[in-house]
Amino acid sequence: MPLVFSQRIASIVEAELANAERARSLSDTQLEFAHLERAHVLGQESTYWHVKVHMLMLVWAIRNRSIRELLGQIFRIVGAATKTAFGLVPPGNTGGANVSPFKKMPIEPELATVIHKAKSDLAS
């Protein structure tokens with residue numbers, strides 16, 4: 001199931017990552033990170049996407065010289081790589097160092113719908 005979910009959610013996560021890249025090209029670092037957060041919420045139940053988004057957040061931290069974010073992302077990358085496959089992810093967590101990596105957060109309705117569809121297609 002996790003591999004299938006990863007495949008079903010891929011195009012939506014990739015769209016958010018493309019939006020992040022567009023924001024970066026416009027030098028809008030806040031919007032770039034907001035898109036990375038959305039990609040995190042969408043892909044956090046897939047080890048591949050979870051780790052990839054945290055790696056991109058780490059790159060963002062380096063580019064923006066944010067020591068706090070850099071340290072937070074190193075911790076989160078280890079957690080994403082070792083805990084995601086066991087379902088140990090807090091739903092809705094946006095993945096940045098500004099929130100606890102263990103905090104459940106509300107999921108935007110638009111994102112919740114996409115996640116639900118990717119999961120419900122698995123039950124068919």
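Since this is a predicted model, take the numbers as computed values, not measurements. (Residues numbered from 1 in each chain as written. Predicted model: local features only at pLDDT ≥ 70, side-chain atom pairs only at ≥ 80, totals over all residues. Heavy atoms only, no water.)

### So, helix H2 (residues 29-43)
We apply this condition: Each helix is a run of DSSP H or I of at least 4 residues and each strand a run of E of at least 2, with the numbering of both proceeding from the N terminus. By definition here, a helix of n residues has an expected span of 1.5 Å times n minus one. Type-normalised accessible area, obtained with a 1.4 Å probe on protein chains alone, sets the label of each residue: buried when under 20%, exposed when over 50%, and partly exposed for intermediate values.
Its 15 residues give H2 an end-to-end C-alpha distance of 21 Å, which sits within 8% of 21 Å, the value for a rise of 1.5 Å per residue. With respect to burial, H2 is a largely interior element, 11 of its 15 residues being buried. If you check which residues of H2 are buried, you get Glu32, Phe33, His35, Leu36, Glu37, Arg38, Ala39, His40, Val41, Leu42 and Gly43.

### Here's the deal with unusual backbone geometry
A positive phi angle, near 60°, is found at Ser27, a position not held by glycine. Despite not being glycine, Arg65 shows a phi value in the positive range, around 55°. Position of Arg65 relative to the elements: it lies in the loop between helix H3 (47-63) and helix H4 (67-83). The exposed category is assigned to Arg65, whose relative accessible area is 74%.

### Overview of the nonpolar core
Side chains of nonpolar character tend, in soluble globular proteins, to be buried together. Our working rule: Throughout, nonpolar core names a set of buried Ala, Val, Leu, Ile, Met, Phe, Trp, Tyr and Cys residues whose side chains join them through atoms within 4.5 Å.
Counting residues in hydrophobic clusters, the biggest one holds 19 residues, and the most contacted among them are Ile9, Val13, Leu17, Leu36, Leu42, Trp49 and Val53. Within the residue set of this core, elements represented by two or more residues are helix H1 (2-25), H2, H3 and helix H5 (109-123). Of the residues forming this core, the biggest block, six residues, is contributed by H1.

### Side note on the packing of H3 against H4
Spelled out, the test is: What counts as an axis is a line fitted to C-alpha atoms, over the stretch in contact for a helix, and the angles between N-to-C directions run from 0 to 180 degrees. The cut-offs work like this: below 35 degrees is roughly parallel, past 145 is roughly antiparallel, 65 to 115 is roughly perpendicular, and the gaps in between are oblique. It is the rotation of the near helix from the far one that decides the hand of a crossing: anticlockwise by less than a right angle makes it left-handed, clockwise makes it right-handed. Residues count as neighbours in contact if any of their non-hydrogen atoms are within 4.5 Å of one another. Residue polarity follows a fixed list, in which Ala, Val, Leu, Ile, Met, Phe, Trp, Tyr, Cys and Pro are nonpolar, Asp, Glu, Lys and Arg are charged, and the others, Gly among them, are polar.
At a minimum axis distance of 9 Å, the contact between H3 and H4 shows a crossing angle of 165°. Comparing their axes, H4 and H3 come out roughly antiparallel. Viewed along their axes, H3 and H4 form a crossing whose handedness is left-handed. Between H3 and H4, the contacting residues are Thr47, His50, Val51, His54, Met55, Met57, Leu58, Trp60, Ala61 and Ile62 on the first element and Glu69, Leu70, Gln73, Ile74, Arg76, Ile77, Ala80 and Ala81 on the second. Taken together, the residues of the contact of H3 with H4 break down into 12 nonpolar, four polar and two charged.

### As for the packing of H2 against H3
The axes of two packed helices give the description: the angle between them and the distance between them. Relative to each other, H2 and H3 sit at 165°, their axes nearing to 9 Å. On the basis of the axis angle, H2 is roughly antiparallel to H3. Crossing of H2 against H3: the hand is left-handed. Contacts between H2 and H3 involve Thr29, Gln30, Glu32, Phe33, Leu36, Glu37, Ala39, His40 and Gly43 from the former and Trp49, His50, Val53, His54, Leu56, Met57, Trp60 and Arg63 from the latter. Its residues placed into classes, the contact of H2 with H3 shows eight nonpolar, six polar and three charged.

### Some points on the packing of aromatic side chains
The condition is simple: Aromatic rings from Phe, Tyr and Trp, with only the six-membered ring used for Trp, were paired whenever their centres fell within 6.5 Å, and each pair was classed as stacked if the ring planes differed by under 30 degrees, edge-to-face if by over 60, and tilted otherwise.
Scanning the entire structure with this criterion turns up three aromatic pairs. A ring pair is formed by Phe33 and Trp60, whose centres lie 4.6 Å apart and whose planes are at 50°; its orientation type is tilted. You can see Phe33 sitting in helix H2 and its partner Trp60 sitting in helix H3, a full 27 residues away along the chain. Taken together, a centroid distance of 4.8 Å and an interplanar angle of 75° make the contact between Tyr48 and Trp49 edge-to-face. The exposure class of Trp49 is buried, given its relative accessible area of 4%.

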